[in-house]
Amino acid sequence: MPKPRSPAPHASVSVPRRVLLGGAAALALAPRGTMAQAGKPKGPVSPSGEAPSAGPERILRAAPGSTRLKPEPAAATPVWTFDATSPPPVVRIKLGETVRLKVENRTDKPLSLHWHGVRNQNPMDGVGGVTQAPIAPGADFSYAFVPPDAGTFLIRPLVIGGSSEPSGRGLAGALVVEEASPPAADQDLTLLMQDWRIEEDASLLPFGQTAFAASSGRLGSLVTLNGAPVPATITGRPGSRVRLRLGNVCNARGTRIRFDGVKVYVLAVDGQPTDTFEPLRATLPFPPGTRYDLMLDLPTEAGATGSVTALVGNGLVLATLAVAGQPVAPARPAITKIGENALLPAEVKLQNAVRRDITITGGARIDKDKPAAEPVYTGDPARIWAVNGASGSAGLAPLFSVKRGQVVVLAIKNATAFPQALHLHGHAFRLLHPLDDGWEPYWLDTFQLLEGRTARIAFKADNPGRWLISSTVLERFDTGLWTLFEVT
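Predicted model, so just to flag it, every value in this text is computed and none were measured.

What about the packing of aromatic side chains?
Counted according to the given criterion, the structure contains 10 aromatic pairs. Aromatic side chains W115 and F145 sit 5.1 Å apart centroid to centroid with 65 degrees between the ring planes, which places their arrangement in the edge-to-face category. Here W115 is found in strand β5 (residues 113–116), whereas its partner F145 is found in strand β6 (residues 140–145), with 30 residues between them in sequence. With respect to class, W115 is no different from F145; both count as buried. Summarising the aromatic geometry, the rings of F277 and Y442 are spaced 6.3 Å apart at their centres and angled 35 degrees between planes, so their arrangement reads as tilted. Here F277, found in strand β16 (residues 272–277), pairs with Y442, found in the loop between β26 (430–431) and β27 (446–449); they are 165 residues apart in sequence, far enough to count as distant. There is no split in this pair, since F277 and Y442 are both buried. In this structure an aromatic cluster arises from ring pairing among W115, F141, Y143 and F145. Above the ring of F207, the side-chain terminus of R218 is found at 3.8 Å from the ring centroid. Positioned above the aromatic ring of W443, the side-chain terminus of R430 is 4.2 Å from the ring centre.

Topic: the pattern of salt bridges
Within the structure shown, the criterion is met by 25 salt bridges. When the shortest N-O distance is used, the salt bridge between E178 and R92 registers 2.6 Å. Here R92 lies in strand β3 (residues 90–94) and E178 lies in strand β8 (residues 173–178), a separation of 86 residues in the sequence. With a shortest N-O distance of 2.8 Å, E165 and R169 are connected by a salt bridge. Taking the relative accessible area as the measure of exposure, E165 reaches 17% and is therefore buried.

A look at the sheet that holds strand β28 (residues 454–461)
Pairing in this open sheet of five strands is mixed, and the strands run β22-β21-β24-β28-β26 from one edge to the other. In this open sheet, the two edge strands, each paired with only one partner strand, are β22 (385–387) and β26. Sheet analysis places strand β24 (residues 406–414) next to β28, joined by eight bridges and oriented antiparallel. When the sheet's bridge partners are listed, L410 is paired in β28 with I457.

Calculation notes
Every chain is numbered independently, its residues counted from 1 as its sequence is written. Only residues with pLDDT of at least 70 are given local features in this predicted model, and only at 80 or more are side-chain atom pairs given and counted; all residues enter the totals for whole chains, interfaces and linings. Note: side-chain values were computed over all heavy atoms of the structure, leaving out hydrogens and water. Pairing of aromatic rings covers Phe, Tyr and Trp, the last through its six-membered ring, and needs centres within 6.5 Å; plane angles under 30 degrees mean stacked, over 60 mean edge-to-face, and all others mean tilted. Only runs of H or I of at least four residues qualify as helices and only runs of E of at least two qualify as strands under DSSP, and these elements are numbered from the N terminus. Buried means the residue's accessible area, taken with a 1.4 Å probe over protein chains only, is under 20% of the maximum for its type, while exposed means over 50%, and partly exposed covers the values in between. Any Lys NZ or Arg CZ that is within 6 Å of a ring centre and within 35 degrees of that ring's normal is treated as a charge sitting over the ring. Salt bridges, as used here, are contacts in which a Lys or Arg side-chain nitrogen is within 4 Å of a carboxyl oxygen on Asp or Glu. Paired strands are those between which DSSP finds at least two bridges.

Structure representation (structure tokens):
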């Protein structure tokens, strides 16, 4: 297999066994003991129970453009943009309102937009080739749905066999659904991390390289935040309160993020509220597709600073936090939790759950006797990965089918040589403890499974349709790392 040119590698983080949430999933957030969300489970419908509100349809045009990723005299980089602007768009609505968005595809490749994390109606999930026909070049498609949950969600291109390129050329965004009574903050900022694989002349490295797809994916050589090279600068008055909505829309790069100089509290994980907690050791895992809603108070001292750092190499500062102006008065009250999502069950009853085993295989081989050697792959470049022996492709039959309302427990084994970032479509799940004697105190839709490990997730299958379990590393997704199940 050709040797890929490697940018800065994934952060290598040593995590004690007790922190690995059952020894398998690299998602250590906080000490156990916070309460689960309460309420009666409902399907993803308008939260008010009324007909969706009418409103104007926003047009989102995907087309070739350019942006400056390297300073002059380097040339601008040819990219794809939404609405001819390089920052990823943020679609912002209030809970109960309707997303109405017409996508105009003016690129030369098929396109569809996945609303990552939204417990959506199945026809609106945005998987080209499964839940909708891909939007052909020159064609349009209108999305219209009412998100059932408040929170922070992602907009990612997702087409069977063709997701890496539109994402790697820059197409990404966020959907913010505001709570009915959001917590008070002086600033509410959405920060999307992307990376770009660029050449010396600032052009994008060609797509479709098997070496990337069979190993760690297309890791970029330059990182941006909201479309601009890092670090970004966030400035506010001393003592002011800032809500940060962090999302990872990289093709492949997973890392951990660390917070220095400020005390950060987690309000929500993957869009779902949780009891407020401080990140364990001031760091959080950040695989592609992950989102965090954070709240922090800027320092009160003049000249004080803080930072958000990705643990890549020796550390890459994503954003600096600075203060300017007069201190806020009076001092802000203590940071408290957002509230509860009454649409999710207070507990997931496991006694009568449908249980299925899922095994992920494929990818390049790593010679353990030669750790410095490059991974080797010699198989079919279109079917590099498989789930239970089947490589994901158009027309794939569901792996299993369950009745609506059934609790499902999946034991997912990563039998590959690489960590796997995985996403459950249309639902939120609990990450179970090893003996099924409890679960982590936050809902998820995306997590990272370490190589050679098994994790168990549990969810209530309350959303009808055919739903994917997919890799969030898009080069792996394009080459077979996904499966689907059906809720009837």
